[in-house]
Amino acid sequence: MVAEGQVTAASTATPSRWERLKGAVAPLLRNRIAMVGLTLVLFWVVVAIAAPLLTRYGPLEELPGVVNKGPSAAHWLGTDNKGRDLWSRIAYGSQTIIVLAPLSVLCSLIIGATLGLLAGYHGGWVDDLVMRIVDIIMAFPTVLLYLIIIAAAGASPVNVVIAITVAGAPGIARLVRGLALDIRTREYVAAARLRGESAWYIMFVEILPNARGPIIVDAALRIGYAVFSIGTLGFLGLGLPPPSPDWGSMVNVARRYIWTNPWAVLWPSLAISSLVVGLNLFADGLQEELGRYE
Amino acid sequence: MAKFIVRRLLLMAVTMLAVSILVFLVSEIAPGNIARNILGAFVTPEQEKSFMAQLGYNRPLLTRYVSWLIGSDWHAEQLIGMPLQRIRDERGFPEWWAVDQDGTLVRWKADGTDLIALRRRPDGTVQEVADNERWREDASGTRYAWGVNQANRAAKWVQAKPAPASCAVDLRFADNTVLGETDLTDASGLAVRANAGAERPGALPPGTWTTREIDLSSLSGRELASVQLAVDYDAPATEFPVQVTVYVDQVEIVGADGSTIWRGELGGKGFRGTAVGKRGETTGAMVDALAEGISASEPRVFKVSGRLLAEQPAVRYSLFDKLAVTIPDGARLRYRTFCSALLSSHTSWTLASSGSGFVATAGGPVEFIPLSRGFLRGDPGESLKTGRPVIESLVRALRNSLFLAAIAFAIIMPLALLLGLIAGMNEGKFLDRLLSILGLMTTATPQFATGVFLILVFASWLKWLPGATLFPSDNAIFQNPQMLVLPVLTLTLIELGYVLRITRSSMVEVMRQPYIRTAFLKGLPYWRIIFKHALRNALLAPITVIMLHVNWLIGGIVVVEAIFGFPGLGKLIYEAALFKDVAAVEGGAMVMVALAVSTQLLADIAYTFLNPRIRYS
C-alpha cells in the first residue's frame, strides 16, 4: 500500500512517462540526419525479422545450375559460388548482426559501467587499479586484441561477443568514471549517503541514471562499431564459421571469384556499409540533439 | 618537462610489462591444438605430448614467461655447465652449441645406452665421440645428462635400461593361410627384431588378413611395438617400375581380459607403404602398425588387421575391396612379417627434419628447454611455421608496414586538415554538409568493404591497377610502386573522414571564439584572421587526436594488408594467429602495441609542447 501511494505521488508530480519520452524523441524526429540513419537501421531490422517472408530460398540452399550468376528476376541480387541466393544470404545474415552487435555492446556496457562506477565512486586504490587495467587493454589496437583473443579461443559467435566486450568495456569504463567523478559531488548523492544508502544503490540508482545522456550516445556509436567489427572479423575468417550467412565472410569467400562475379562481393559490402553508416548517422543526430538540449 | 617525459616513459615501461603478461597469457592459454595444427589429425596423444614437451609447453607458465621475456640460454648454461653460443649454419638457420674448455663447439645425441658428443671442427664438419663421462646419477639411481641436442634445445637424457622381451607374430589370411610366424626373445638390447617369411608362388589370396598376436607381456615401462608386413615382388623381365601398396585398416591393443586398450581406425588410408622397383630387382612395401602400450605390468595382445592392395603396371590394377592380384607367369610373391619392439623406460618421438614424420627413439631426452635469448634481448623465439627466428620476418614486416603507413600518413594529413578547415570555415553551408557526410561515410564503411570497392572499380572494372600485391623479393615494394596505390588509397579513405571531422569541429569552435569576433570587428582581412588567429588554435586538437587515433590506423593496416596480401606486420600477425604460430603472434603483438603506446606518448609530449597553457603551468 505504501509503495502504491508513492507511485501515484510520483506520477502526479512529474509528467507521465509517455510524455517525457515524447519530449525526448520529438527533437530527434525533426533532425533529418538522425532520421536518415534511423531509416537505414530500421530497414535492416525489418529485413532481419521478416527474413523468411522476404526470401524465396534458404540461406544455405545450393541451387544447381546458377553458380556465380548476376542479378535476375529469379535471383534479385544474383547467386554466389555455390549457387546460393545472395539476397537470402544477406537477409538471413542480417539476423546474426542485428542480434550480436547490440548484445556485445550490452555486455561491454554492463562490465564497463560497473568498473567505471566503482572507480569513479570509490576513488583511491580501486580507481588506480581499474584505470591501470583500462590503460593496458586500451594500449592494444582493437583488431590486434580481436586477433589474439579469437586465435586463442577459436571462432564462434560467443567468442566474437567476448572479444568485442573485452575491447569495448575499457572505453565505457573510462567514460563512466569521468561522469561518476563529477556526479558524486552533487547534493543528491550526498543526501543519499546521509540517508545511509549502500554504495551499490548510490552507484546504480543515483549516479548511473544521471549519467545516461553521454552513455546512450556512446552506446549508439558503439553498436555501429560492433557491426563494423563483426563484419571485419567475418572477413578475416575469425567470425561465424562457414557456411553460416555472415556478411563479412561472404565478402571474404566471394573475393576469390571477384573477376567472374563482382556482385557477390558488392552486395554484402554494401549491406554492412549501409548499416554502419545508418547507425553512425543516427548516433550523430542523437549527439547533436542531446548536446543542444543540455 | 624532462620530469614529465621521464615519468611517462616509466609508466610506459610498466604498461608494456603488463601488456606482455596479457599477450603471453592469452596466446598461450590454449596451445593444445598446436601439435594437431602442425602434425595433422592422425597424431596420437603420446606423440602430441612428446611434441609439446619438445616445444617446452610442459614447463610451468611462469618459467615459460620468463624464458620468453629474457631468454632460456642462461638457465640452460647452468644445467649443462658450459657456456652456450648461437651460430648460423650455411643456410642461415641459427644453431645453438655448447662451448668446450678448448673452445670446440659441442652438441650431443643418445645412441642406445651411449651418449655421443658431436664436436664441430673449424671447417664445419662434425666428429662423433662417445661421451659417457657426462652421465650423472640422481638420488634414485637414474643416470641422466644435460646437453644441447641437434634441434636447438637443451635436453635432459636418461640412460636407457635394458629389459628382456619376447615378441611373437602369427599372420594369416581369412582362409587360414598362414602368412608367417615369428617368435623371438631378446634379453639384451633396447630393441628386439624378428622376422619370419613365407614364399608363395602365383596370386595373392583375396580378402583381409589379420595378425593374431604379439605378446609384449614382459616389456617394461612405456614401449612401442610395431608390426610390419612386407610384400616382395620379383619383377619379371619387364621394363616397368613396380609399385606395391599395403594398407592397414586398424590397429588395436587388447588387454589380457580381452578389453580394448587402444585402437586406431585408419580407414584404409592410414599407414601405407609404397616402394618402386626396377626391372630384375626385388621390390616391396612395408607397413608399420605402431601402437604404444599403456601400462607396464599387464599382458596384452597386439592386433593388426588390414587389407592388401597391389597396384603396379605389370599387375592388373585393383581396388582394395576386391583384391585379385594376378601376376605374370614365372613371378613369385613373397610375404614377410616383422615384429619389433622398442624397449626403454623412455620413448621419445622426434619430428624428423626431412618432414617424413615421427621417428621414435629409445632413451631419448625426457625434458627439453627450447633455447632462445628472449624478447627483451631481441629474440622472441622461433616461428613454428617457418622454423626460423621470428625476429627476421618481424623486422622485414615492420619495415614494409612503416613504409605503407608513412606514405598513407603523408597523403592523409595535409588533405584531411585542409578539407577539414574548409568545412569548418563554411559551417552549415552546402560544402560543409557534403564534406561531413562524405567523411562520415568513408569512416563508417569497414576497411575491407572500402578495399573491395576500390578493387572492383580500379582493378575489375577500369583495369588500371593490380588488385593484389605480390612481392617476389624483399625490394619489390620499391620497384613496383603501382602495387601500393590501392592499399594506400584504402587507408586514405578510411582515415580521411575521421581527421576531417575532427579538424572541422575544432575549426568551428575556434571560429566562434570572442577573439575571432574581435578580429572581424577590428576590420582585419578575412584570410589574415584565418591564418594568423584561427589556424594555429584550430590545429592543436586534431594533431593530438590523430596521434591518439593511431590504434585505429593500425587496425586499418591489418585489414588492408590482409585484403591486398601486403607483406607487413598486420599480415604477419594475422597469418600467425590463424596458424597458431604462438611465438610470431606474441612478438608481432608486442611490437604493434609498443608502436601504438609510443605514438601516444609522443602525442602527449607534442601536446604539452604545443599548448602554452600546459607548458607554463
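Above this text sits the structure in question.
Predicted model only: the values in this text are computed from it and were never measured. (Residues numbered from 1 in each chain as written. Chains lettered and ligands numbered in written order. Predicted model: local features only at pLDDT ≥ 70, side-chain atom pairs only at ≥ 80, totals over all residues.)

*Asks:* Any details on the sheet that holds strand β7 (residues 143-148) of chain B? Residues and values, ideally.
*Replies:* Residues and elements named next belong to chain B. Strand order in this open sheet of four strands is β6-β7-β8-β22, and the pairing throughout is antiparallel. Looking along the sheet, the strands with just one partner apiece sit at the ends: β6 (136-137) and β22 (365-370). Relative to β22, strand β8 (residues 153-158) runs antiparallel, the two sharing five bridges. Opposite A154, over in β22, you have I369 as the bridge partner. Across the sheet, helix α5 (residues 73-80) lies against β7, β8 and β22, angled at about 140° from β7, the strand it touches most. (Pairing = 2+ DSSP bridges. Helix = DSSP H or I, 4+ residues; strand = E, 2+ residues; numbered from the N terminus. Contact = placed C-beta atoms within 7 Å. Axes fitted to C-alpha atoms, helices over the stretch in contact; angles between N-to-C directions.)

*Asks:* Break down the sheet that holds strand β2 (residues 94-99) of chain B for me, citing the residues and quoting the values.
*Replies:* Residue and element names in this part refer to chain B. Across the sheet, which stays open at both edges, the five strands sit in the order β1-β2-β3-β4-β5 with antiparallel pairing between neighbours. Only two strands of the sheet have a single neighbouring strand rather than two, namely β1 (84-88) and β5 (126-130). This sheet shows a mean twist of 45° between the axes of neighbouring strands, independent of strand direction. Summarising the sheet, strand β3 (residues 105-111) and strand β4 (residues 114-120) pair through seven bridges and their orientation is antiparallel. Looking across to β4, one finds that L105 is bridged to R120.

*Asks:* A description of the packing of helix α6 (residues 124-138) of chain A against helix α8 (residues 157-183) of chain A should follow, citing residues and the corresponding values.
*Replies:* All names here are of chain A. Packing of α6 against α8 leaves a shortest axis separation of 9 Å and a crossing angle of 135°. One finds that α6 runs oblique with respect to α8. α6 and α8 meet at a crossing whose hand is left-handed. On the side of α6, the interface is formed by V130, V134, I137 and M138, while α8 contributes V166, P170, G171, A173 and R174. Among the residues forming the contact of α6 with α8, the class breakdown is seven nonpolar, one polar and one charged. (Parallel < 35°, antiparallel > 145°, perpendicular 65-115°, else oblique. Left-handed = near helix turned anticlockwise from the far one by under 90°. Nonpolar A, V, L, I, M, F, W, Y, C, P; charged D, E, K, R; others polar.)

*Asks:* With reference to specific residues and values, describe the environment of G93 of chain A.
*Replies:* Residues and elements named next belong to chain A. When you line up the elements, G93 lands in helix α5 (residues 86-122). Residues G93 and P245 lie 152 residues apart in sequence; the distance between their C-alpha atoms is 4.8 Å. The contacts of G93, once residues within four sequence positions are left out, are P245, D246, W247 and M250.

*Asks:* Break down the interface of chain A and chain B for me, citing the residues and quoting the values.
*Replies:* Contacts between chain A and chain B engage 36 residues on the former and 39 residues on the latter. Elements that contribute at least two residues to the side of chain A that touches chain B include exactly α6, α7 (142-153), α11 (212-235) and α13 (263-293) of chain A. The element contributing the most residues to the side of chain A that touches chain B is α13 of chain A, with ten residues. Broken down by class, the residue content of the side of chain A that touches chain B amounts to 25 nonpolar, eight polar and three charged.

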